[in-house]
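Here's the letter readout for the chains.
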Amino acid sequence: MPAAARIALLAHPAGHSVSPAMQRAAFAARGVGATYDAFDVPPAELAAAVAALRRDPWWGANVTVPHKTAVVPWMDELTPAARRLGAVNTIVRRGERLIGDNSDLPGFARALADVRPEIAGARVVVVGAGGAARAVVAALADAGARIALHNRSPERARALLAALALPEVAWLPAEGLADAVVGCDVLVQTTTVGMAGGPAGSPLPDGLLPDRGAVVDLVYRPAVTPLLAAALAAGLPAQNGLPMLVYQGARSFEAWTGVAAPVEAMGAAAEAALGGPGRGWSGLVADGDRPRVG
Ligand SMILES: NC(=O)c1ccc[n+]([C@@H]2O[C@H](COP(=O)([O-])OP(=O)(O)OC[C@H]3O[C@@H](n4cnc5c(N)ncnc54)[C@H](OP(=O)(O)O)[C@@H]3O)[C@@H](O)[C@H]2O)c1
């Protein structure tokens, strides 16, 4: 690999990402001679930005909102995860070829294992049907979970299930939400509700929580959403979106470098970039320690 290699983050806007701090910390911890920079790329300039990645000094890129699906046709090859989700968040250059991968799927799977190591047969309620929910539902289906999917707009949930070809996943209408959430083993919140700059509050009715199950909220800014605050107050195992963010970044790092990712250093850097230190990047629980097994 050439010295002074570069990796780009293609985003629009690009200002708020945690990835530069996280990836730079990883390069430093592993002594990798590469730089990582975020670029604000408007849609009209995306094709040129991707074309530039085919030559030195580029090793590849991360791709984020709103470009994850737009770059797909320009890839020479897609990994199974990227093909399945129809979205690329990591580009790896091999020679002049660009390989599109999606590290959100394995990133979520690895984060979930911190709160719920045994997921086969578990009853999981997923709320939301946007891009993040696709990675979540695919990862849960791969792991053999019994999934029920709820979304404000039923048609978007149906589109998700059709795109992933998962007819066995149950659509959960609003009337069935309360019973399903109370009895579930894991609740995964994937909407933008509760996110800084997003709709305020929680997408679930006040007070609705699993009896004993874990609560995972993909939002990481703020570290504790109203839903997570309620879960913590109820003593439930709870995790925000930071572990998923860190693990997807770790997977991308490994794809570019072939070197095992320093996840602790990446987690600490991500947390610091978000204004930490918080309660520890690897999860939240009522007593502030590592997640309990659900
Ligand atoms: N931790 C991580 O690594 C990670 C990775 C990716 C994303 N995320 C987070 O996941 C969240 C979703 O991202 P995304 O890319 O999937 O977004 P998206 O594609 O825009 O989807 C948004 C989702 O939120 C729902 N929603 C929006 N406003 C709502 C409201 N007022 N009430 C109920 N539902 C509402 C939408 O429902 P409708 O279909 O009805 O509009 C849809 O299900 C964001 O907070 C993002 O930061 C985290």
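Every value quoted in this text rests on a predicted model; they were computed, and no experiment measured them. Each chain has its residues counted from 1, following the order in which its sequence is written. The predicted nature of this model means local features are confined to residues of pLDDT at least 70 and side-chain atom pairs, given and counted, to a pLDDT of 80 or more, with totals for whole chains, interfaces and linings taken over all residues.

With respect to the overall build of the protein chain
Right, so step 1: Helix and strand labels come from DSSP, where a helix needs a run of H or I of at least four residues and a strand needs a run of E of at least two; each type is numbered from the N terminus. Across its full length, the protein chain carries 10 helices and 12 strands.
Right, so step 2: With the C-alpha coordinates aligned to their principal axes, the bounding extent of the protein chain is approximately 55 × 40 × 35 Å.
Right, so step 3: Any residue whose C-beta has 12 or fewer other C-beta atoms within 10 Å is treated as exposed, any with 20 or more as buried, and any in between as partly exposed, C-beta atoms being built from the backbone. A total of 294 residues make up the protein chain; the buried ones form 47% of that total.
Right, so step 4: Once local pairs closer than 6 in sequence are excluded, the contacts in the protein chain between residues at least 24 apart make up 64%. Throughout, a pair of residues is in contact if the C-beta atoms placed from their backbones lie within 7 Å.

What about the site of the ligand?
Right, so step 1: The local shell around the ligand holds 25 residues, among which Gly 130, Ala 132, Arg 152, Thr 191 and Gly 241 are the closest.
Right, so step 2: For the shell around the ligand, the secondary structure elements donating two or more residues are helix H5 (131–142) and helix H9 (242–257).
Right, so step 3: Each residue is assigned to one of three groups, with Ala, Val, Leu, Ile, Met, Phe, Trp, Tyr, Cys and Pro labelled nonpolar, Asp, Glu, Lys and Arg labelled charged, and all others, Gly among them, labelled polar. Of the residues in the shell around the ligand, the class split is 12 nonpolar, 10 polar and 3 charged. We call a residue near a molecule or strand when the C-beta position, derived from backbone atoms, sits within 6 Å of it.

Considering the confidence of the model for the protein chain
Right, so step 1: The quantity called pLDDT is the predictor's confidence in a given residue, expressed from 0 to 100. Considering every residue of the protein chain, the mean pLDDT works out to 92; 93% of them sit at 70 or more.
Right, so step 2: Confidence drops under a pLDDT of 50 for residues 286–294, and excluding neighbours within four residues, the segment shows 21 contacts in the predicted structure.

Here we look at the domain arrangement of the protein chain
Right, so step 1: What the domain assignment lists for the protein chain is domain 1 (5–102) and domain 2 (105–241).
Right, so step 2: The start and end points of each domain follow an automatic or database-based domain assignment. Here domain 1 and domain 2 have C-alpha centroids that lie 27 Å from each other.
Right, so step 3: Of the residues lining the interface, 7 residues belong to domain 1; the matching set on domain 2 comes to 8 residues.
Right, so step 4: Residues of the side of domain 1 that touches domain 2, tallied by class, amount to 3 nonpolar, 2 polar and 2 charged.

Thoughts on helix H10 (residues 263–273)
Right, so step 1: Those residues of H10 that sit buried are Val 263, Met 266, Gly 267, Ala 268, Ala 269, Ala 270 and Glu 271.
Right, so step 2: Buried-residue contacts for H10 involve helix H1 (19–30) and H9.
Right, so step 3: In the segment just after H10, Gly 275 is the residue with positive phi, at about 95°.

Topic: the sheet that holds strand E11 (residues 214–217)
Right, so step 1: Strands are treated as partners if at least two bridges between them are detected by DSSP. Spatially, 6 strands are ordered E9-E8-E7-E10-E11-E12 in an open sheet, and the strand pairing comes out parallel. In this open sheet, the two edge strands, each paired with only one partner strand, are strand E9 (170–171) and strand E12 (238–239).
Right, so step 2: With 2 bridges connecting them, strand E8 (residues 146–150) and E9 associate as parallel partners. What sits directly across from Ala 148, in E9, is Ala 170.
Right, so step 3: The convention used is that axes are lines fitted to C-alpha atoms, helices contributing only their stretch in contact, and that angles between N-to-C directions extend from 0 to 180 degrees. With respect to the sheet, helix H8 (residues 226–233) is in contact with strand E10 (186–189), E11 and E12, its orientation differing from that of E11 by roughly 160°.

So, unusual backbone geometry
Right, so step 1: With an omega of 10°, the peptide bond between Asp 56 and Pro 57 qualifies as cis.
Right, so step 2: The topology assignment puts Pro 57 in the loop between helix H2 (46–52) and strand E3 (58–63).
Right, so step 3: Across the junction of Arg 221 and Pro 222, the peptide omega takes the value 10°, indicating a cis bond.
Right, so step 4: On the secondary structure map, Pro 222 appears in the loop between E11 and H8.
Right, so step 5: One non-glycine residue, Ala 165, lies in the positive phi region at around 55°.
Right, so step 6: Mapped onto the elements of the fold, Ala 165 is located in the loop between helix H6 (154–164) and E9.
Right, so step 7: Using a count of 9 C-beta atoms within 10 Å as the deciding quantity, one classes Ala 165 as exposed.

Thoughts on the environment of Leu 232
Right, so step 1: Turning to its location among the elements, Leu 232 is positioned in helix H8.
Right, so step 2: For the pair Leu 232 and Gly 100, spaced 132 residues apart in sequence, the C-alpha to C-alpha distance is 37 Å.

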